[in-house]
Amino acid sequence: MIDIHTHILHAVDDGSDALEESVAILQSAESVGVTDIICTPHYLSQEEFNKKLVLKRFNELKEEIKKKNININLHLGTEIAVYGRVDKLLEDKDLTSLAGSKYLLIEFPMAIDVDYVLDTVYEIKVRGFIPVIAHPERCECFKRDYSLITKAIKEGALIQCNIDSLLGGNGTTAKRIIRSLLKERKVDFLVTDIHSITNNRYERLPKAMKKVEKLVGKEYMNELFEHNARKILLNENIEE
Ligand SMILES: [Fe+2]
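Residues numbered from 1 in each chain as written. Predicted model: local features only at pLDDT ≥ 70, side-chain atom pairs only at ≥ 80, totals over all residues.

**Topic: the packing of helix 9 (residues 205–216) against helix 10 (residues 218–234)**
Two quantities define a packed helix pair, namely the angle between the helix axes and the distance between the axes. In contact at an axis separation of 7 Å, helix 9 and helix 10 are set at 135 degrees when each is read in the N-to-C sense. Accordingly, the angle class assigned to the pair helix 9 and helix 10 is oblique. Seen from above, helix 9 lies across helix 10 with right-handed handedness. Seen from helix 9, the contacting residues are Met209, Val212, Glu213 and Val216; seen from helix 10, they are Lys218, Tyr220, Met221, Leu224 and Phe225. (Axes fitted to C-alpha atoms, helices over the stretch in contact; angles between N-to-C directions. Helix = DSSP H or I, 4+ residues; strand = E, 2+ residues; numbered from the N terminus. Parallel < 35°, antiparallel > 145°, perpendicular 65-115°, else oblique. Left-handed = near helix turned anticlockwise from the far one by under 90°. Contact = placed C-beta atoms within 7 Å.)

**Some words on helix 2 (residues 51–67)**
Between its first and last C-alpha atoms helix 2 spans 24 Å; for 17 residues at 1.5 Å apiece the expected length is 24 Å, and the two agree. Residues of helix 2 that are buried include every one of Val54, Arg57, Leu61 and Ile65, and no others. Buried positions in helix 2, seen along its axis, are confined to an arc of 65 degrees and lie on one side of it. Residues Lys52, Asn59, Glu63, Lys66 and Lys67 are exposed on helix 2 and point more than 90 degrees away from its buried face. Where the residues of helix 2 are buried, they touch helix 1 (19–31) and strand 4 (73–76). Where helix 2 ends, the next residue or the one after it, asparagine 69, has phi of about 60 degrees, a positive value. (Expected span 1.5 Å × (residues − 1). Buried ≥ 20, exposed ≤ 12 C-beta atoms within 10 Å, placed from the backbone. Arc of directions from axis to C-beta.)

**Remarks on the pairing of strand 7 (residues 130–134)**
Among the five residues in strand 7, four count as buried, and that is most of the element. Note: strand 6 (residues 103–107) against strand 7, four bridges, orientation parallel. What sits directly across from leucine 104, in strand 7, is proline 131. In terms of handedness, the path from strand 6 via helix 4 (residues 114–126) over to strand 7 forms a crossover that is right-handed. Where strand 7 meets strand 8 (residues 158–162), three bridges bridge the pair, whose relative direction is parallel. (Pairing = 2+ DSSP bridges. Right-handed = clockwise from strand over helix to strand, strands pointing away.)

**Considering the environment of glutamate 79**
Relative to the helices and strands, glutamate 79 is located in strand 5 (residues 79–81). Here the alpha-carbon distance between glutamate 79 and threonine 96, two residues 17 residues apart in the chain, equals 8.6 Å. Those residues in contact with glutamate 79 that sit more than four places away from it in its chain are His5, Thr40, His42, Tyr43, Leu105, Glu107 and Ala134.

**Considerations on the sheet that holds strand 4**
The strand order across the open sheet formed by three strands is 1-2-4, and the pairing between neighbours is parallel. Unpaired on one side and paired on the other, strand 1 (2–6) and strand 4 mark the two borders of the sheet. Taken over all neighbouring pairs, the strand axes of this sheet differ in orientation by 20 degrees on average, direction set aside. In this structure, strand 2 (residues 36–39) lies alongside strand 4, joined through four bridges in parallel fashion. Pairing of isoleucine 38 across the sheet is with histidine 75, part of strand 4.

Written out as structure tokens, the structure reads:
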């Protein structure tokens, strides 16, 4: 599996608190067959985001997993909270795309309107990036209007959902939405969005994979956990 959305860099956001915790998370990931992880600390605003610190943590973690012989390739990205003026946001040189590719992981805050979602997707596309919408099944605007997800896809967005939503960890509405999206083959990536070892989502990964396979079959399951994410790492196009 390739996990494109994680908060495993220590002491940079609400994810891992310490290097030891990050290592424990990675050991757990390795034990369930994860080969590549993109570290995606929250980017909440230009003022708040500390790229220098993020790079320092990233290098510290890479060093540590080499010492501990953990066989996982680490890549860097950010989970970008989009609100306000997107054009201004996209000018920030510290914004990090997923593994340096043309794919940007974006998260919509809870209360925003339909036009804003579609405008954001458009603004990102015209700058040559491809927006990957993080866990729409958890966002208020998509919960209120399911058809908005389809509209965003038509505008050029890709869809990333969290495994916990399928397992019921994010409530009944999120579970209903992710099941519908999967059946309609509208999801491009499934991820853990892991934040801590105490809520160890890698322990639940095998169960989630089985559930997905039962729901949509092995071929699509492999696309969701592996093949599409590999295309991000290679910066290749993902077929619709
Ligand atoms: Fe996240």
